[in-house]
Structure formats: C-alpha cells, structure tokens
Amino acid sequence: MAANSLRDEIPPGTLDMLILKTLARGDEMHGFAIADAILQRSTKVLQVEEGSLYPALQRMLVKGWIVGEWSRTEENRRARYYRLTASGRKHLGREIAGYRRVAQAISLILSPA
Amino acid sequence: MSPGEIWRRLIFLLRRERFREELEEEIRIHQALRTEANRHSGMPLATAAVASRRAFGNVGAVEDASQDAWGIRWIEALRQDVRYALRTLRKSPGFTIIAVLTLAVGIASTTAMFTVVNGVLLRKLPVREQDRVAVMWIEDRSSHFTHWPFTYGAFTSLRDNHGAFQSLAGIDHNGAWSMPAEVGDATTTLRGGIVAGDFFGVLGVRPLLGRLLNANDDVVGGPRVLVISYGLWRSAFAADPHVLGKTLRLHGVGYSIVGVVPQGFEYPRGADVWTTLALMVPDWERNPTQPTLDLVGRIRAGATPADALGEVNSAIQRLVPNGQVWRPVQRSFTDVIVGDVRREILILFAAALLVLLLASVNVGGLLLVRGGARMREFAIRSALGAGQARVVRQLLTESLVLAAVGGLAGALVAAWAVNVFPKFAPPELPRANDLRIDGAVLAFAFTASLVAAVVCGLAPALGVWRADLSQVLRAGTQPLATSFWRRVAVVGQIALALLVVAGAGLLTRSLLLLSHVDMGFATDRLLFVRPTIPPTKYVSPQQVREIVDRLVLRVRTLPGVVGVTAVAHLPMSLTGGIDMTYSAEGQDRRAADANPVLSYIPAQPEYFTTMGLPIRRGRGFSQQDRAGSPLVVVVSDAVARHTWPGQDPIGKRIKLGPPDFPDPWHTVVGVAPETRYAGLLNVRPSLYVPDMQPPSPDGVWVPTILAIRSRSTELTLLPSIRAAIKEIDPDVTVLSAASMNELLGGELARPRFNTGLLDVLATLSLVLAVTGLYGVMGTHVTQRTREMGIRMALGADAGSVSRHVVWQGMQLALAGVAAGIGAALVGTRLLRSLLFGVSPVDPLTLALATLLLLLAALGASYLPARRATRVDPMVALRYE
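Residues numbered from 1 in each chain as written. Chains lettered and ligands numbered in written order. Predicted model: local features only at pLDDT ≥ 70, side-chain atom pairs only at ≥ 80, totals over all residues.

Novice: Please set out the overall build of chain A residue by residue, giving values where relevant.
Specialist: Each helix and strand in chain A was counted, giving five helices and five strands. Counted from the first residue to the last, chain A has its helices and strands arranged as α-β-α-β-α-β-α-β-β-α. The long-range fraction of contacts in chain A, counting pairs at least 24 apart against all pairs at least 6 apart in sequence, stands at 53%. (Helix = DSSP H or I, 4+ residues; strand = E, 2+ residues; numbered from the N terminus. Contact = placed C-beta atoms within 7 Å.)

Novice: Quick rundown of unusual backbone geometry? Include the residues and the values.
Specialist: All names here are of chain B. In this structure, P268 follows Y267 across a cis peptide bond, with omega equal to 0 degrees. Relative to the assigned elements, P268 resides in the loop between β9 (253–260) and β10 (273–276). With a phi angle near 50 degrees, A238 is a residue other than glycine that sits in the positive phi range. Looking at the secondary structure, you find A238 in the loop between α9 (230–237) and β8 (247–250). The phi torsion at R525 lies on the positive side, around 50 degrees, for a residue other than glycine. Tracing the backbone shows R525 in the loop between α17 (483–515) and β13 (526–531).

Novice: Which residues make up helix α11 (residues 305–319) of chain B, and what values go with them?
Specialist: Residues and elements named next belong to chain B. Compared with the 21 Å implied by 1.5 Å per residue over 15 residues, the 21 Å span of α11 between its first and last C-alpha is a close match. The complete set of buried residues in α11 reads A308, V312, A315 and I316. Relative to the axis of α11, the buried residues are bounded by an arc of 105 degrees and lie together on one face. Exposed residues pointing more than 90 degrees away from the buried face of α11 are listed as A306, Q317 and R318. Residues of α11 that are buried make contact with β1 (133–140), α7 (152–159), β3 (165–172), β11 (291–299) and β12 (326–332). (Expected span 1.5 Å × (residues − 1). Buried ≥ 20, exposed ≤ 12 C-beta atoms within 10 Å, placed from the backbone. Arc of directions from axis to C-beta.)

Novice: For helix α2 (residues 15–25) of chain A, give the residues involved together with the corresponding values.
Specialist: Within α2(A), burial applies to A:L15, A:L18, A:I19, A:L20, A:T22 and A:L23. Next to the buried residues of α2(A) lie β2 (29–30), α3 (31–41), α4 (53–63), β4 (66–72), β5 (78–84) and α5 (86–110) of chain A.

Novice: Can you explain the interface of chain A and chain B? Please cite residues and give values.
Specialist: In this complex, chain A contributes 16 residues to the contact, which on the side of chain B involves 22 residues. When residues of the side of chain A that touches chain B are assigned to their parent elements, the largest contribution, six residues, is made by α4(A). Tallied by class, the residues present in the side of chain A that touches chain B amount to five nonpolar, five polar and six charged. (Nonpolar A, V, L, I, M, F, W, Y, C, P; charged D, E, K, R; others polar.)

Novice: Describe the pairing of strand β22 (residues 675–679) of chain B, listing the residues and the values that go with them.
Specialist: Regular strands show a simple pattern: their side chains alternate between the two faces of the sheet. When you tally the buried positions in β22(B), you get four out of five residues, the bulk of the element. Where β22(B) folds back onto strand β23 (residues 682–684) of chain B in an antiparallel hairpin, the turn is made up of two residues. (Pairing = 2+ DSSP bridges.)

Novice: Provide a residue-level description of the packing of α4(A) against helix α4 (residues 59–69) of chain B, including the pertinent values.
Specialist: Relative to each other, α4(A) and α4(B) sit at 15 degrees, their axes nearing to 8 Å. The orientation of α4(A) relative to α4(B) falls into the category roughly parallel. Like other packed secondary-structure pairs, α4(A) and α4(B) cross with a definite hand, here right-handed. Two secondary-structure elements touch here, α4(A) through A:Y54, A:P55, A:Q58, A:R59 and A:V62 and α4(B) through B:V62, B:A65, B:S66 and B:A69. A class-by-class count of the residues in the contact of α4(A) with α4(B) yields six nonpolar, two polar and one charged. (Axes fitted to C-alpha atoms, helices over the stretch in contact; angles between N-to-C directions. Parallel < 35°, antiparallel > 145°, perpendicular 65-115°, else oblique. Left-handed = near helix turned anticlockwise from the far one by under 90°.)

Okay, structure coming up:
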C-alpha cells in the first residue's frame with residue numbers, strides 16, 4: 001500500500017486518451033488488462049482508480065469510439081473485450097495532437113527563460 | 001448527436017436490464033483478476049481481496065456513473081414517478097375516471113377533427129411538386145360568368161408556346177360527367193373526367209397499375225382507352241390485378257382499361273374513369289373556337305405563377321373571341337381540390353380545440369381541489385427530504401399520466417370516427433374516403449395530450465411551487481391557490497362555450513331556414529327519371545326527341561301519374577339551364593351588359609303544370625308554340641323587373657346575346673316566379689323557351705329527363721315506370737331515378753354535416769363549461785361551510801343562504817356570458833359564408849344561446865347551493 005503514495009493520479013480528462021492509446025497498441029483487451037497496461041506502461045507512475053475505467057469505457061461505447069464483445073480469457077473466464085473503432089482511432093489522433101499542443105505550451109511557460 | 005449514437009442509446013434503453021447484469025459481471029471479473037494478481041505478488045488471500053476492492057473504488061458509484069454515461073437516468077426517475085402516479089390515481093378511482101373521460105372527450109374530438117384536417121387539407125396529393133401546378137379558367141370582367149373554359153385553340157397555342165409553362169394539359173371544365181356505363185354485364189352510371197393532352201404527365205401522377213393516359217391517347221381515331229379510379233378498381237373489379245385490357249362501355253362504346261389511378265387522386269372530383277377529349281368527343285369539342293377546357297399547367301422552374309398568368313392573359317386577348325372582356329383566373333391545384341371546404345373544416349377544428357381547452361381547464365380545476373386536499377401529503381414528503389421541485393414534478397407526472405390515458409382513449413375514438421366518417425360525410429367533401437390515422441395524426445394526438453397535461457397540471461404545480469409547505473404541517477390543510485384564478489378560468493370557459501354554442505345556433509338556424517326555403521316550384525311527389533338513350537340507335541336530335549316524346553306519352557297514362565314533362569337538366573345539379581346573356585329591344589350595348597345572366601331552360605307545354613311552377617302573368621306554352629310559329633318566351637320575375645321596371649313585360653321582345661347578335665327576337669308571353677332549381681343557394685333569373693323553338697336548328701339541348709308528378713308517394717311508381725319504358729323500347733333503360741326530396745337531401749348533406757358536428761362540439765362545450773362552474777361552486781360551498789354555519793346560527797334562513805350561493809355562481813356566469821357575447825360578435829363572422837338567411841350577429845340566436853348558458857349555469861349553481869342549506873350549524877362550527 002505504501003507504493004500507492006508514490007503513484008500520481010491521472011490528470012483529469014486524459015483517461016479517455018490513455019484507454020484509447022492502450023487499445024490502439026494491441027488488439028482486443030478486457031477492462032482489467034487495460035487498467036494493468038496503463039499502470040505497467042507508465043512504469044507504475046500513473047494510477048488508474050480502477051473503477052473509474054468503466055464509466056469511461058461506457059462513455060466511449062456511446063460515442064462509438066470502441067466496441068465491446070464478450071469472449072473467453074486464456075484462463076477460460078468470460079470477459080468483455082474492447083476494441084478500437086475507426087472513429088475511435090481518429091478521435092485518439094485529435095486528442096493526442098491537442099494534448100501535445102497543451103503540454104508544449106505548458107513546458108514553454110515552465111522552462112527557465 | 002450522431003444517428004449512430006442515438007441508435008446505440010436506443011438499443012441500450014431497450015436492454016438496460018442486461019446492461020446492468022453485464023456490467024456487474026465485468027466488475028466481478030475485474031476484481032477477481034486483481035485479487036489473483038495481488039496473490040501472485042505474494043499477498044495473502046484475505047489481504048489480496050481487500051486490496052483489490054480498494055483499488056477498484058465504490059462499485060455502486062461506478063455502476064451509476066456507467067449508466068449515466070448513457071444519459072437515461074431520467075427515464076428511470078420518470079418510471080418511478082409514473083408508478084407512483086398510477087398508484088395515487090388508483091386510490092381515487094372516481095376522480096381518475098372523471099378526469100380521464102373529460103380529457104378523452106377533448107382529445108378525441110380534436111384528434112378526430114385533425115384527422116380530417118390532415119387527410120383533406122394537409123396530406124400531399126399524389127401529384128409531383130403540387131405547388132408548381134396551376135389550374136386556370138377565365139371569367140368575364142363584369143363577373144357574369146365566373147368560370148368559363150378556354151377554347152381548344154387557346155389551349156393548343158399555350159401548350160406549344162413553351163413559355164412560363166413547362167408543360168400544359170386541359171380538363172373538361174364541367175368536371176366529371178355522369179355517363180351510362182356497362183361494366184361486365186352490369187349497367188350502371190359512372191362519372192368520367194375528360195382530359196386533353198398529357199394530363200397525367202403534367203401532374204406527375206404515377207399509375208398504381210399499368211399506365212396512365214398521355215398525349216398519344218388524345219388523338220382522334222386512336223385506340224379507345226381509359227384509366228379507372230382506385231375506388232372503381234376496388235368496387236367493380238375486386239382489385240383484380242389483371243384488370244388491364246378489360247373493356248368497359250361508356251355511352252354504349254367500348255373502351256379498353258390501360259391503367260389504375262392511385263388512391264387519393266380525385267380530379268375532377270368524383271371521377272371513376274378518365275378518358276381523352278379526342279376519344280370521347282372527337283368532333284365539335286375540338287373545334288378551335290369551342291370553349292371546352294380548364295388548363296392545368298406545371299410552371300417552369302424559375303417562372304412564377306404571375307408570369308404564367310400574364311402569358312395566359314395575352315393569349316386570351318389574341319385567341320379568344322371578344323378577348324378584351326375576359327380575364328384569366330388562376331388557382332393552385334390544392335385550392336381547386338379542397339378550396340371550398342377549407343374554411344368549414346378549419347372552423348370545426350377550431351371548435352374542437354376549444355373543447356379540448358375547456359376539458360383541460362376542468363381537469364385542472366379538479367387537480368387544484370385535489371392538490372389542496374393533498375397539501376399535507378406534499379408537506380410530509382417535503383419534510384422527508386423531497387425538494388419542492390420534486391413534488392412539482394410528481395404532480396406534473398400525474399397530469400401527464402391522466403392525459404396519456406385520455407389521449408389513448410381519444411386516439412381510439414378518433415380511429416373509430418375515421419371509419420364512420422365517410423358514411424356521414426357529404427359527397428362534396430374531397431378525399432373523405434381517404435382518411436386514415438397516420439404518423440401526423442398520432443403525433444397530433446400525442447401533442448394534444450401533452451398540451452392538455454401541461455394546461456391542467458400547471459395550476460396545481462404552480463400552487464405547490466409557491467406554497468410554503470413547512471407552514472402546512474403547522475396550519476393544517478389550506479386551499480392550494482386563490483380561488484380567484486379558478487373563477488377567471490370559469491368565466492373564460494363560459495365565454496368560450498357561448499361562442500361555440502352561438503356558432504352552432506347560427507348554423508342550426510340557417511339549416512332550418514334552408515330546409516324550409518321556398519323552392520319556387522312544388523317539390524312534393526316529384527320524381528326525376530333519366531332514361532338511357534342508346535346513341536347508336538337514336539342518332540339525330542330529331543330521333544332522340546321522338547323517342548322521348550313516346551316515353552312521356554306512355555308514362556303519362558300510368559295510374560297515379562298526374563303529369564309528365566321532359567326536362568334538360570336535373571334540379572340541384574348547379575346547371576338548371578345553360579347560362580346565357582340577353583338583350584331587350586331598345587337596349588344598347590351598355591344596358592345589355594348590365595343585364596343578369598339567364599338560365600336558359602327548354603320547356604314543353606306541360607312543363608309549368610308538371611313542375612308546379614305558377615305563371616304569374618300571361619300564359620305558359622302550348623302545342624302551337626312550335627318551330628315556324630312566332631318565337632315566344634316566358635321570363636322569371638327578376639328578368640321582368642330588371643328589364644322593364646314598372647311596365648308590363650308581356651309583349652316585350654328580347655334576344656339572346658348582345659344587341660348586335662344575329663339572334664331573332666322572342667316575344668315575352670308570360671312571367672313565372674324565381675326558382676332554386678339549379679341549387680338551394682342558386683336563385684337564377686330564368687328564361688323558358690319552348691323546346692320546339694331551340695336557338696340553333698341542331699337542338700343541342702333536347703330534354704331527355706322525365707319529370708313525373710304523382711298522386712301519392714312518388715317512389716312506389718318506379719317499377720311501373722321502368723316497365724313502361726321497357727315496353728316502348730327494351731334498349732332504353734332507366735339510368736337513374738331520384739325524387740325531388742332525395743335531391744334536396746343531397747343538397748342539404750353538407751350543411752347538415754357541418755351543423756351536426758358543430759352541434760356536438762357545442763354540446764360538449766356547454767357541458768364542460770357548466771361542469772367547470774359546478775366544480776368551482778362546489779369547492780366554494782365546501783370552503784365556506786363554517787361561514788354558512790355561522791350565518792345560519794345567526795338566523796339566516798335556508799332560502800337566503802341558497803340565494804347567496806346561487807347569486808355568486810350567477811355572477812360568474814354573467815361575467816362569462818358578457819365576455820362570450822363580445823367574443824361571439826367577433827368570432828361568428830367567420831361563419832358568414834356558411835350561413836343562409838341569418839346574419840352572423842343574429843340577435844335572436846345570440847339571445848337564445850345566452851339564455852341556454854344562463855339556465856345551465858343556474859342549475860350548476862343551484863345544486864351546491866342546496867347543499868349549503870343542508871349545513872347543520874353545529875357541525876359546521878366544529879368543522880376543521
């Protein structure tokens with residue numbers, strides 16, 4: 001539990017982007033795998049409050065950025081697998097571009113002049 | 001929101017139970033996987049599970065947030081509200097039944113009327129881009145002739161001109177002709193439209209079966225073809241898909257069926273079949289100077305109807321004889337189809353809307369009273385944490401539920417009405433057989449219910465919104481709103497009811513006047529029989545005249561027959577004769593132009609006695625008034641009065657047409673009264689001419705219809721008349737037979753229908769307004785029980801208490817009636833064109849309507865007043 005305090009909360013509004021990016025890397029993943037992947041990829045710096053993943057996934061299902069399908073895990077457990085759609089991929093591109101612009105601007109402000 | 005998104009939300013809505021299960025399963029799996037992962041990293045089982053749950057967060061919140069993502073939480077809340085509303089309403093069935101019935105009456109009458117508005121006025125005709133179609137005819141500048149056709153030459157010239165019209169066709173200006181027809185073995189009468197050029201192509205009508213007529217069918221000597229209406233296809237051919245190629249005989253001539261016209265295309269009105277001018281009347285109708293056709297044109301994109309009108313006008317000046325006296329009349333296609341019934345349908349619809357308003361206000365009043373009684377409940381709910389807004393929402397939901405049930409009942413009644421409607425609808429109502437409940441009607445019923453719910457739910461909701469609920473628990477029940485607004489509402493209701501009742505009264509009075517109007521001739525025991533005269537057997541006018549004479553002589557000998565004469569036109573057919581202008585001896589062009597247009601009526605010697613038309617001065621005709629003898633005429637009163645004011649018309653001379661027209665002089669030998677032979681509303685100055693002295697030698701208007709005056713009931717004679725006709729010539733049959741009273745009934749069908757509907761709506765308005773007053777007075781008495789008790793304890797007798805209550809009710813009624821009279825003075829003007837012999841502000845009708853409302857209001861105030869006098873002072877003082 002002590003490790004938790006070392007992890008940073010995900011900046012607000014970026015969860016969608018992280019999920020989409022995670023899905024963009026591989027093929028289909030279930031919710032747990034997505035949460036774990038975000039954690040692993042960020043070298044365990046970013047902590048998803050795992051439950052908040054699900055409303056985010058539902059929002060993206062509504063928007064049509066991802067689709068979900070029930071199937072079996074390697075351990076033969078039923079799980080819902082999510083996959084990125086074309087419009088999701090497009091949206092991800094936009095999000096990343098936007099994020100880069102903002103990040104660049106912030107770093108410009110923060111950099112010692 | 002993209003369509004895909006809406007679709008996904010909808011799917012979700014329908015499967016939200018499954019959604020919840022799936023989400024729960026997903027979360028379980030997630031937690032299980034996390035627990036396993038934790039154990040892999042060395043945690044003991046119990047710690048691993050706890051850590052997993054902690055990492056996940058609040059499951060309930062996650063589930064709610066996930067559902068929120070779909071944006072349908074309000075639906076769940078609504079479901080709860082509705083369930084609660086239903087439970088509450090079930091607890092007071094009396095209130096619920098009355099409220100639902102009241103709303104159902106309102107919604108049903110508006111929806112039923114809207115079905116008519118939609119079906120007749122709004123729904124598109126089966127015509128391509130109907131807004132670009134214009135129908136044209138001509139009228140003369142002095143308005144003697146308001147609907148005169150174009151000549152055939154004007155039609156062809158405009159058609160080939162390719163100016164403002166993209167395409168142009170013609171249609172016989174008489175509308176649909178009645179024609180003797182043989183369908184298979186059956187002999188019947190069909191109504192036929194005669195079209196010229198590419199009529200259906202111009203309108204862009206698509207065939208239901210086969211093909212429609214085009215310009216290639218409008219060729220003299222071409223194969224005889226026709227198309228049939230959807231109605232005829234259903235009734236005479238049982239919707240046979242193999243009807244194409246079958247033969248149908250009109251006037252004894254065979255035509256081959258090439259197509260079926262789609263449902264709802266009724267132009268000319270009432271047409272069963274359509275064929276072309278060239279096939280039907282090849283010779284004289286196609287004479288370039290023969291006035292024959294109304295024009296039907298599709299206006300070119302970029303051109304305006306005004307351009308088209310200008311073009312037509314210049315063609316008239318060039319091509320129509322005497323062009324300068326004519327000007328074109330242009331109507332939109334929709335106007336031609338439904339124009340003359342639009343006003344009455346809209347008036348009836350407006351009356352139905354008023355009924356809905358009255359019904360909603362009544363239910364609103366009921367809800368207010370109920371809301372007042374439920375204040376304690378609201379206060380408790382509010383004290384338990386329901387926000388005031390939540391309570392208001394609950395109230396609105398209740399009125400929505402009431403309106404929804406009422407709306408459902410209303411829609412069912414409307415569906416029934418649509419089936420019954422065509423049976424009562426007058427034949428003049430276009431598209432009446434074509435009414436149906438479609439999306440627009442359902443949307444209307446839905447909107448009407450919604451509006452009703454808001455109207456009736458608003459007042460109680462506002463009352464609760466404003467009320468200080470925390471006071472209620474302390475102070476006990478209090479009335480929801482000041483009764484001031486309820487009083488205003490009742491005054492308004494009575495005013496509106498008076499408006500509708502006065503309107504209905506006016507229509508009823510004019511119907512009564514109309515059905516007892518003096519026709520000018522005797523209408524009792526008069527029968528009209530139209531024989532078929534086979535044109536192949538009786539070719540020349542002379543031959544037709546001879547066979548008709550033989551029929552007349554034979555029928556005259558039948559027992560029970562008092563008189564027989566042959567007439568050229570059926571009464572009530574709007575063409576009592578042929579419209580003609582005339583000039584009197586000594587009149588110049590200008591004086592002649594001011595003469596009225598005459599109905600030219602060819603009459604036999606027995607005409608006047610058989611028709612019961614008295615000769616006021618001079619004489620009627622005799623056998624001596626034949627070809628070759630001096631030309632004589634009988635004129636009607638109006639002609640005599642106009643032409644020779646203050647002089648004896650006998651012996652004066654007139655001619656047909658303008659003064660310079662080469663018609664010989666006719667001497668006036670008699671004067672007859674005006675008649676309404678052409679139509680109830682059509683008093684026409686008439687000119688009677690001996691049928692043996694026709695204006696042209698070919699005698700176009702040989703009278704062929706037998707008018708038979710009988711001793712007793714006219715229709716019982718029919719079998720013997722049929723037999724007698726068959727005896728003269730088996731090839732001659734009876735095409736149609738109708739008594740004068742039947743023809744009058746047909747003429748009265750439309751005013752009767754309008755009046756009947758408005759009377760029903762007026763009755764509903766009256767009942768609703770009076771019920772509203774009764775409700776207000778009832779509440780008034782209940783709230784004043786204590787006051788009444790004190791009054792009676794102090795010695796007031798029952799009479800004075802009851803007079804007091806009645807007077808208060810009547811004050812409202814008087815205020816309402818006063819406002820209503822004002823409204824009626826303005827509103828009934830809309831009815832002007834539907835009235836006959838009575839002014840829109842007829843004082844007698846208005847007085848009767850006012851009296852009716854006041855009497856009803858008296859009853860509605862008296863009942864609560866009687867209750868007030870039964871108050872026991874002791875009980876009343878202990879009350880509360």
